[in-house]
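Report on the structure
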Amino acid sequence: QQQVKQSPQSLIVQKGGISIINCAYENTAFDYFPWYQQFPGKGPALLIAIRPDVSEKKEGRFTISFNKSAKQFSLHIMDSQPGDSATYFCAASTAGLQGAQKLVFGQGTRLTINP
Amino acid sequence: DAGVIQSPRHEVTEMGQEVTLRCKPISGHDYLFWYRQTMMRGLELLIYFNNNVPIDDSGMPEDRFSAKMPNASFSTLKIQPSEPRDSAVYFCASSLRRYRTNYGYTFGSGTRLTVV
């Protein structure tokens, strides 16, 4: 119930291409879905997040698509650049009064953008 | 703000020794989280605090691990005695949360622990 499953484990994309990372969850109580970006030697950093009342959120080249009925959400990186090469984590949590935003993370996707 | 500050950045210790990891959260944040990251298990939540009070320590692997938050600006994670399987990167994160509003975590740069 608490798992978030992420795929693929690794992804290689050519510069200028579209990178797509997928996540699926089981717990229908989740109502906050962030994506984190992690560079080597650094902690994860919040990239973009979505709530289930919208099906898509876009910030610059980064878009989250959300499918509530399928319990899936994905990150799309348009016009991928070598600087986007990093590990990406999806996560999920609840915003209820009881308990904090205890984030459950996916296993991560190592993205490499070839120049 | 300088962000979440963790120390040390790297720690190498011998099996059986006590290890203490430190964290200074962002001022004003009311939640603090300790995570462990390994290749095999990814990011695992160990424990989190709300207003300095431990709320959920179900992720702490065993009694060798303990965490404290004596005040709003400082937390420690202690491993005693340490074992080679404790080798990992330990992250501290803090966040600010209000009812039905989530704010993203801010992670520190982590402590890379190696137990030999």
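Structural data are supplied above this passage.
It should be emphasised that the depicted structure is a prediction, and the values quoted were computed from it without experimental measurement. (Residues numbered from 1 in each chain as written. Chains lettered and ligands numbered in written order. Predicted model: local features only at pLDDT ≥ 70, side-chain atom pairs only at ≥ 80, totals over all residues. Heavy atoms only, no water.)

Observations concerning the overall build of chain B
- A tally of regular secondary structure across chain B gives 0 helices and 11 strands.
- Taking the principal axes of the C-alpha coordinates as reference, chain B spans close to 45 × 30 × 30 Å.
- The buried share of chain B, reckoned over its 116 residues, is 50%.
- Contacts in chain B between residues at least 24 apart in sequence constitute 54% of all its contacts with a sequence separation of at least 6.
- Put simply, chain B shows about 5,800 Å² of open surface, and 49% of that area lies on carbon and sulfur atoms. (Helix = DSSP H or I, 4+ residues; strand = E, 2+ residues; numbered from the N terminus. Buried < 20%, exposed > 50% of the residue type's maximum accessible area, 1.4 Å probe, protein only. Contact = heavy atoms within 4.5 Å. Areas by Shrake-Rupley, 256 points an atom, 1.4 Å probe, with all protein chains shown as cover.)

Some words on the layout of surface pockets
- Quantified by volume, the largest pocket comes out at close to 730 Å³.
- Of all the elements in the fold, those that place two or more residues in the lining of the largest pocket are strand 9 (86–92) and strand 11 (109–114) of chain A together with strand 4 (31–38), strand 9 (88–95) and strand 11 (111–115) of chain B.
- Of the residues belonging to the lining of the largest pocket, the class tally is 10 nonpolar, 16 polar and 4 charged.
- Of the volumes computed, that of the second largest pocket is approximately 450 Å³.
- Around the second largest pocket sit 22 residues that line it, and V104(A), F105(A), L43(B), E44(B) and L45(B) are the ones nearest its centre.
- Residue assignment for the lining of the second largest pocket shows that the elements contributing at least two residues are strand 1 (4–7) and strand 10 (104–105) of chain A together with strand 5 (42–50) of chain B.
- In terms of residue count, the dominant contributor to the lining of the second largest pocket is strand 5 of chain B (6 residues).
- Counted by class, the lining of the second largest pocket contains 9 nonpolar, 7 polar and 6 charged residues. (1 Å grid on protein atoms, 1.4 Å probe; cavity = no way out; pocket = protein on both sides within 12 Å on 5 of 7 lines; lining within 4 Å. Points joined across faces, edges and corners; volume = space filled by probe spheres on them. Nonpolar A, V, L, I, M, F, W, Y, C, P; charged D, E, K, R; others polar.)

A closer look at the nonpolar core
- One finds V4(A), F33(A), W35(A), F73(A), L75(A) and Y88(A) to be the most contacted residues of the largest nonpolar core, which totals 25 residues.
- Listing elements by their share of this core, those giving two or more residues are strand 2 (10–14), strand 3 (19–25), strand 4 (33–38), strand 5 (45–50), strand 7 (62–67), strand 8 (72–77), strand 9 and strand 11 of chain A.
- With 4 residues, strand 9 of chain A is the single largest residue contributor to this core.
- Here Y88(A) is in contact with Q6(A), I21(A), Y36(A), Q37(A), L47(A), F62(A), L75(A), I77(A), G108(A), T109(A) and L111(A), once residues within four sequence places are set aside.
- Counting residues in each nonpolar core, the second largest holds 21 residues, with V19(B), I26(B), L32(B) and C92(B) among its members. (Core = buried A, V, L, I, M, F, W, Y, C linked by side-chain atoms within 4.5 Å.)

Thoughts on the sheet that holds strand 8 (residues 74–79) of chain B
Residue and element names in this part refer to chain B.
- Taken together, the 4 strands give an open sheet; going across it, the order is 1-3-8-7, and neighbouring strands pair in antiparallel fashion. Each of the sheet's edge strands pairs with one partner strand only, and the pair in question is strand 1 (5–7) and strand 7 (65–71). Between one strand axis and the next, the sheet turns through 15° on average, direction left out of account.
- Where strand 7 and strand 8 come together, 5 bridges link them in antiparallel fashion. Following the sheet pairing, A67 is matched in strand 8 by L77. (Pairing = 2+ DSSP bridges. Axes fitted to C-alpha atoms, helices over the stretch in contact; angles between N-to-C directions.)

Some words on the pairing of strand 3 (residues 19–24) of chain B
All names here are of chain B.
- Judged from the 3 bridges that link them, strand 1 and strand 3 form a sheet pairing that is antiparallel. Residue I5 lies in a different strand from strand 3, and its bridge partner there is K24.
- As paired elements, strand 3 and strand 8 share 5 bridges and run antiparallel to each other. Note that in strand 8 the partner of T20 across the bridge is K78.

Description of the pattern of salt bridges
- Scanning all chains against the criterion turns up 11 salt bridges over all chains.
- The salt bridge partner of D84(A) is R61(A), with a shortest N-O separation of 2.8 Å. Here R61(A) lies in the loop between strand 6 (56–59) and strand 7 and D84(A) lies in the loop between strand 8 and strand 9, a separation of 23 residues in the sequence.
- The class for D84(A) is buried, based on a relative accessible area of 5%.
- Residue R36(B) is joined to E44(B) by a salt bridge in which the shortest nitrogen-to-oxygen separation is 3.3 Å.
- E44(B) sits in the buried class, given a relative accessible area of 16%.
- Taken together, the shared-partner salt bridges connect E62(B), R64(B), E83(B), R85(B) and D86(B) into one network. (Salt bridge = Lys/Arg side-chain N within 4 Å of Asp/Glu carboxyl O.)

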